[in-house]
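Here is how the chains run, residue by residue.
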Amino acid sequence: MKARVRNKLGGESVMTAFSENSLTVMTSQSGRIEMALFPCKNGSNLICIIRTVTARYDDSRLSFFTEGWQPVPTEQLMELPGIDDYLTKEALKNDSIDDFRKRSILRFQSIVSVDGALEFRYTSIDDLGQDADKYRSWFKPIPIRYTWNGKKFKRK
């Protein structure tokens, strides 16, 4: 039986996943919150909260906290991916890459916690309009994955 509650906006929030170290709640038809625990080398846990809103694309925001709910700056834990990290080597060598960078700043990315890691996907390729198909092959087909080593997230 799924855990369901009526939220303050009159909609329904549903817990869609629950494990010993993670929890996912669909807060609305267009919102999701994921909480994950990452064990630290000092014996405590790092709390990771991923807030995702879906309109035309998934757009996620990442926050970290100590067990006492003190914020931990993301920059202390990882270097977030930029637009070039999502692109293939061939795309980075293309003569049109500078024009593409000007038109396609990193707008939206989707983040999920999977098997003790974080996975990032670029989600706003279609925001380029009619040129989206031209650039679609420039993007790597697999997500950017970061694993937790007890102190920091390392890119794989």
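Residues numbered from 1 in each chain as written. Predicted model: local features only at pLDDT ≥ 70, side-chain atom pairs only at ≥ 80, totals over all residues. Heavy atoms only, no water.

Colleague: Teacher, can you tell me more about the pairing of strand S4 (residues 31-39) here?
Modeller: On a regular strand, each side chain points to the face opposite its neighbour's, so the side chains alternate between the two faces of the sheet. One ladder, built from 6 bridges, connects strand S3 (residues 22-28) with S4; its direction is antiparallel. Within S4, the residue paired with Met26 across the bridge is Arg32. Linking S3 back to S4 in an antiparallel pair, the connection comprises 2 residues. (Pairing = 2+ DSSP bridges. Helix = DSSP H or I, 4+ residues; strand = E, 2+ residues; numbered from the N terminus.)

Colleague: Just checking my understanding: could you explain the layout of surface pockets for this structure?
Modeller: One simple way to see leftover space: roll a probe sized like a water molecule over the atoms. Considered as a void within the structure, the largest pocket measures approximately 150 Å³ in volume. Around the largest pocket sit Tyr86, Phe120, Arg121, Tyr122, Ile125, Arg136, Phe139, Lys140, Pro141, Ile142, Pro143 and Ile144, which together line it. Counting residues per element, the lining of the largest pocket draws most heavily on strand S9 (residues 117-122), at 3 residues. Each residue belonging to the lining of the largest pocket can be placed in one class, and the counts come to 9 nonpolar, no polar and 3 charged. (1 Å grid on protein atoms, 1.4 Å probe; cavity = no way out; pocket = protein on both sides within 12 Å on 5 of 7 lines; lining within 4 Å. Points joined across faces, edges and corners; volume = space filled by probe spheres on them. Nonpolar A, V, L, I, M, F, W, Y, C, P; charged D, E, K, R; others polar.)

Colleague: Whenever I open this one, the sheet that holds strand S5 (residues 45-54) confuses me. Can you help?
Modeller: Read from one edge to the other, the open sheet built from 7 strands follows the order S1-S2-S3-S4-S5-S6-S7, with strand pairing classed as antiparallel. The open sheet has two edge strands with one neighbour each: strand S1 (3-6) and strand S7 (71-72).

Colleague: How do you make sense of the packing of aromatic side chains when you look at a structure like this?
Modeller: The geometry of an aromatic ring pair comes down to the distance between the two centres and the angle between the two planes. The final tally for this structure, using the stated rule, is 12 aromatic pairs. Measuring from centroid to centroid gives 6.0 Å for Phe100 and Phe139, while their planes differ by 70°, and the two rings are edge-to-face. Linking Phe100 in helix H3 (residues 97-103) with Phe139 in the loop between helix H4 (132-136) and strand S10 (144-148), this pair joins segments that are 39 residues apart in sequence. Classification of Phe100 by relative accessible area gives buried; the value is 0%. You can call Phe139 buried: its relative accessible area is 14%. Residues Trp148 and Phe153 carry aromatic rings whose centres are separated by 4.7 Å and whose planes lie at 50° to one another, so their mutual orientation is tilted. Considered together, Trp148 and Phe153 belong to a single accessibility category, that of buried residues. (Phe/Tyr/Trp six-rings, centres within 6.5 Å; stacked < 30°, edge-to-face > 60°. Buried < 20%, exposed > 50% of the residue type's maximum accessible area, 1.4 Å probe, protein only.)

Colleague: So what exactly am I meant to see when it comes to the sheet that holds strand S11 (residues 153-155) here?
Modeller: Backbone-to-backbone hydrogen bonds pair the strands of a sheet. The strands run either parallel or antiparallel. With antiparallel pairing, 4 strands are arranged side by side in an open sheet as S8-S9-S10-S11. Each end of this open sheet is capped by a strand with a single partner; those strands are strand S8 (109-114) and S11. Ignoring strand direction, the axes of neighbouring strands in this sheet form an average angle of 25°. Direction of pairing for S9 relative to S10: antiparallel, over a ladder of 4 bridges. When the sheet's bridge partners are listed, Leu118 is paired in S10 with Tyr146. (Axes fitted to C-alpha atoms, helices over the stretch in contact; angles between N-to-C directions.)

Colleague: So what exactly am I meant to see when it comes to the pairing of strand S2 (residues 12-18) here?
Modeller: Bridging between S1 and S2 involves 4 bridges; their strand directions are antiparallel. When the sheet's bridge partners are listed, Val5 is paired in S2 with Ser13. In sequence, S1 turns back onto S2 through a hairpin of 5 residues, with Gly10 there showing a positive phi of about 90°. Where S2 lies against S3, 4 bridges are found, and the strand directions are antiparallel. For Phe18, the partnering residue across the bridge sits in S3 and is Leu23.

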